[in-house]
Amino acid sequence: MERELKVKNQRIMYLDSLRIFAIFAMMVLHVSASNWSKCLPNTYEFQVFNVYDSFVRFCVPVFVMISGVFFLDDRKSIDVKKLYTHNILRIVTAFIFWSLAYASYSLFDNVVLHGNELNYIAIKNFVIHSIYGHYHMWFLFAIVGLYIITPLLRKISADKRLTEYFICLSFIFCYCINLLKLTRYGDIVNNVMNKSNFNFVMGYTGYYLLGYYLHRYEISKKFNNVINVLAIISIAITIVFSS
């Protein structure tokens with residue numbers, strides 16, 4: 001059954017609420033992760049940051065799912081030219097500006113504030129930092145990749161059963177298989193996955209389609225309860241294996 005959503009002033013209110021919640025979670029994630037890595041393992045401080053970090057890792061997938069809601073709706077037309085000249089170009093422009101800003105600050109800090117020589121290595125690091133961007137800017141690479149394949153994914157999202165099939169494959173190969181990698185057979189599983197080169201349903205593509213699917217279609221109360229239980233189990237597993 002397709003979902004009917006209440007829209008106020010042409011905005012989808014629950015998605016705005018999700019954005020705010022995800023932004024807050026993102027701030028908690030960065031604060032906890034930056035301190036988490038500085039603590040000795042098995043200390044009280046480490047475990048506190050680990051718990052906070054594990055509880056808010058949903059924030060990036062939520063941002064991807066929200067993007068899927070707007071870009072994968074087959075009921076709205078999408079122009080490939082506009083996708084590149086507006087959506088992708090805007091992200092690339094922001095990346096260039098901020099990557100240069102971070103690289104320039106890093107160079108200034110190294111040469112001016114710390115008095116190091118402006119040599120080949122310093123210039124090389126500036127170029128590398130400009131290309132890769134600051135550590136948190138990896139998300140821009142990921143979202144551009146999803147935008148590029150959006151016209152193809154829309155062919156999938158137009159078919160409910162095909163979308164469900166894709167999401168199931170993503171769940172199996174992204175998460176169930178990764179759990180097997182933590183077992184004694186992890187090397188075998190990893191070797192088989194590398195040889196199969198099964199990348200189409202990997203990464204954030206499953207979240208991209210899942211966001212649109214949950215937005216458009218109603219799910220049963222029973223299945224919703226299953227998702228809630230899996231969420232609790234996932235958080236518990238993340239805390240245990242990150243400690």
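As shown above, the structure is provided for reference.
Keep in mind that what you see is a predicted model, and the values were worked out from it rather than measured.

Draft legend 1. Inspection of the pattern of salt bridges at higher detail. All told, the structure shown has five salt bridges when counted by the stated rule. D53 is paired through a salt bridge with R57; the nearest N and O atoms lie 2.6 Å apart. A relative accessible area of 3% places D53 in the buried class. Linking D73 and R75 is a salt bridge whose minimum nitrogen-to-oxygen distance equals 3.0 Å.

Draft legend 2. Here's a closer look at the packing of helix α1 (residues 13-36) against helix α3 (residues 59-71). Two elements in contact, α1 and α3, have axes separated by 8 Å at closest approach and are oriented at 155°. Relative to α3, α1 is oriented roughly antiparallel. In terms of crossing hand, the pair formed by α1 and α3 is left-handed. Here L15, L18, R19, A22, I23, A25, M26 and L29 of α1 come into contact with α3, specifically with C59, V60, V62, F63, I66, V69 and F70. The residue inventory of the contact of α1 with α3, partitioned by class, reads 14 nonpolar, no polar and one charged.

Draft legend 3. View of the packing of aromatic side chains. Evaluated as defined, the whole model comprises 12 aromatic pairs. Their ring planes at 85° and their centres at 5.3 Å tell us that F166 and F200 sit as a pair that is edge-to-face. A residue pair is termed long-range when its members are at least 10 positions apart, and F166 in helix α8 (residues 160-180) and F200 in the loop between α9 (186-196) and α10 (205-216) qualify at 34 residues. Accessibility expressed as a relative area gives 52% for F200, which makes it exposed. In this structure, K160 is placed above the aromatic ring of Y217, and the distance from its NZ or CZ to the ring centre is 4.9 Å.

Draft legend 4. View of the layout of surface pockets. There is about 400 Å³ of room inside the second largest pocket. Taken together, 17 residues line the second largest pocket, and the ones lying closest to its centre are F70, F71, L83, H86 and N87. Listing elements by their share of the lining of the second largest pocket, those giving two or more residues are α3, α4 (80-113) and α6 (138-148). With six residues, the top contributor of residues to the lining of the second largest pocket is α4. Here the residues of the lining of the second largest pocket sort into nine nonpolar, three polar and five charged.

Draft legend 5. Quick look at the nonpolar core. Membership of the largest hydrophobic core comes to 21 residues, with the highest contact counts inside it found for L72, I143, Y147, L153, Y208 and L209. Among the elements of the structure, α3, α4, α6, α7 (150-157), α8 and α10 are those that each provide at least two residues to this core. The next biggest cluster of nonpolar side chains, apart from the first, holds 13 residues, and it includes A22, L29, V60 and V69.

Draft legend 6. Up close: the environment of M202. When you line up the elements, M202 lands in the loop between α9 and α10. As a C-alpha pair, M202 and Y175 span 27 residues in sequence and 9.4 Å in three-dimensional space. With residues up to four places along the chain from it excluded, the contact list for M202 reads F173, C174 and M193.

Draft legend 7. Structural view of the side chain of S67. Along the polypeptide, S67 turns up in helix α3. We classify S67 as buried; its relative accessible area is 13%.

The rules behind the values
Residues numbered from 1 in each chain as written. Predicted model: local features only at pLDDT ≥ 70, side-chain atom pairs only at ≥ 80, totals over all residues. Heavy atoms only, no water. Salt bridge = Lys/Arg side-chain N within 4 Å of Asp/Glu carboxyl O. Buried < 20%, exposed > 50% of the residue type's maximum accessible area, 1.4 Å probe, protein only. Axes fitted to C-alpha atoms, helices over the stretch in contact; angles between N-to-C directions. Helix = DSSP H or I, 4+ residues; strand = E, 2+ residues; numbered from the N terminus. Parallel < 35°, antiparallel > 145°, perpendicular 65-115°, else oblique. Left-handed = near helix turned anticlockwise from the far one by under 90°. Contact = heavy atoms within 4.5 Å. Nonpolar A, V, L, I, M, F, W, Y, C, P; charged D, E, K, R; others polar. Phe/Tyr/Trp six-rings, centres within 6.5 Å; stacked < 30°, edge-to-face > 60°. Lys NZ or Arg CZ within 6 Å of the ring centre and 35° of its normal. 1 Å grid on protein atoms, 1.4 Å probe; cavity = no way out; pocket = protein on both sides within 12 Å on 5 of 7 lines; lining within 4 Å. Points joined across faces, edges and corners; volume = space filled by probe spheres on them. Core = buried A, V, L, I, M, F, W, Y, C linked by side-chain atoms within 4.5 Å.

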